[in-house]
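# Topology and contacts: notes
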Amino acid sequence: MTKIAIIGAGVSGLIAARDLTFCADVTLFDKSRGLGGRAATRYATPYEFDHGCQFIQGQSTEFNRFLEGLVEQRILKRWDARFAEIDSGEITHQRQWGADQPHYVPCNRMNMLGHHLAEGLDVI
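Every chain is numbered independently, its residues counted from 1 as its sequence is written. Local features in this predicted model are restricted to residues of pLDDT 70 or higher, and side-chain atom pairs are both shown and tallied only at a pLDDT of 80 or more, whereas totals for entire chains, interfaces and linings draw on every residue. With hydrogens and water set aside, each side-chain value is computed from the structure's full complement of heavy atoms.

## Topic: unusual backbone geometry
- Omega for the bond connecting T45 with P46 falls within 30 degrees of zero, at 10°, which places this linkage in the cis form.
- Mapped onto the secondary structure, P46 falls in the loop between β3 (39-44) and β4 (47-52).
- For S88, which is not glycine, the phi torsion reads 55° and is therefore positive.
- Secondary structure elements are taken from DSSP: a helix is a run of H or I of four residues or more, a strand is a run of E of two residues or more, and numbering for both begins at the N terminus. Within the secondary structure, S88 is located in the loop between β6 (82-87) and β7 (90-96).

So, in structure tokens, the structure goes:
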């Protein structure tokens, strides 16, 4: 079987590895301790915070289908954030993200997406 090495266990590397495992022996290499690249969670006891990307948004039909599958598996959830612009203590504009371009975040921590995508993969 063909052997493939992928450098980087970020979201793109993990998705590529998952797609290639059907036709090759794939190993991912990453310099970090965690998985997911910019979809990261940082820990500073007693706190934890998501770091890197704020949300995930699809631009293509295929990727949106992939994201919807992760929502069905309860890996991701919709984030319909509300925004307010404030000038001199007064709210000047308000808006909320809608269904026209949904935004997604992992259900628990941002790094859970990488952990889910890495299931069954060889990551060093």
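This is not the end of the story, as more comes after the structure.
## Points about the layout of surface pockets
- Cavities and pockets are found on a 1 Å grid laid over the protein atoms alone: a cavity is a set of points where a 1.4 Å probe fits but cannot escape, a pocket is an open set with protein on both sides within 12 Å along at least five of seven lines, and a lining residue has an atom within 4 Å of such a point. Grid points are joined across faces, edges and corners, and a volume is the space filled by probe spheres set on the points. Within this model, the largest pocket holds a volume of roughly 300 Å³.
- The wall of the largest pocket is formed by 13 residues, among which R33, G34, A40, T41 and R42 lie closest to the centre.
- Among the elements that line the lining of the largest pocket, the one with the most residues is β3, at four residues.
- Residues are sorted three ways: Asp, Glu, Lys and Arg are charged, Ala, Val, Leu, Ile, Met, Phe, Trp, Tyr, Cys and Pro are nonpolar, and all the rest, Gly among them, are polar. Classifying every residue of the lining of the largest pocket gives three nonpolar, seven polar and three charged.

## Section: the nonpolar core
- Among buried residues, the Ala, Val, Leu, Ile, Met, Phe, Trp, Tyr and Cys ones that are joined through side-chain atoms within 4.5 Å form a nonpolar core. Between buried and exposed lies partly exposed: a residue is buried under 20% and exposed over 50% of the maximum accessible area for its type, with that area taken using a 1.4 Å probe on protein chains only. One finds L14, A17, L28, L76 and L113 to be the most contacted residues of the largest nonpolar core, which totals 19 residues.
- Broken down by secondary-structure element, the contributors of at least two residues to this core are α1 (11-20), β2 (25-29), α2 (61-72) and α3 (112-118).
- Residue contacts are defined here by distance: any two heavy atoms, one from each residue, within 4.5 Å place the two residues in contact. Not counting the four nearest positions on each side in its chain, A17 is found in contact with I6, V26, L28 and L121.

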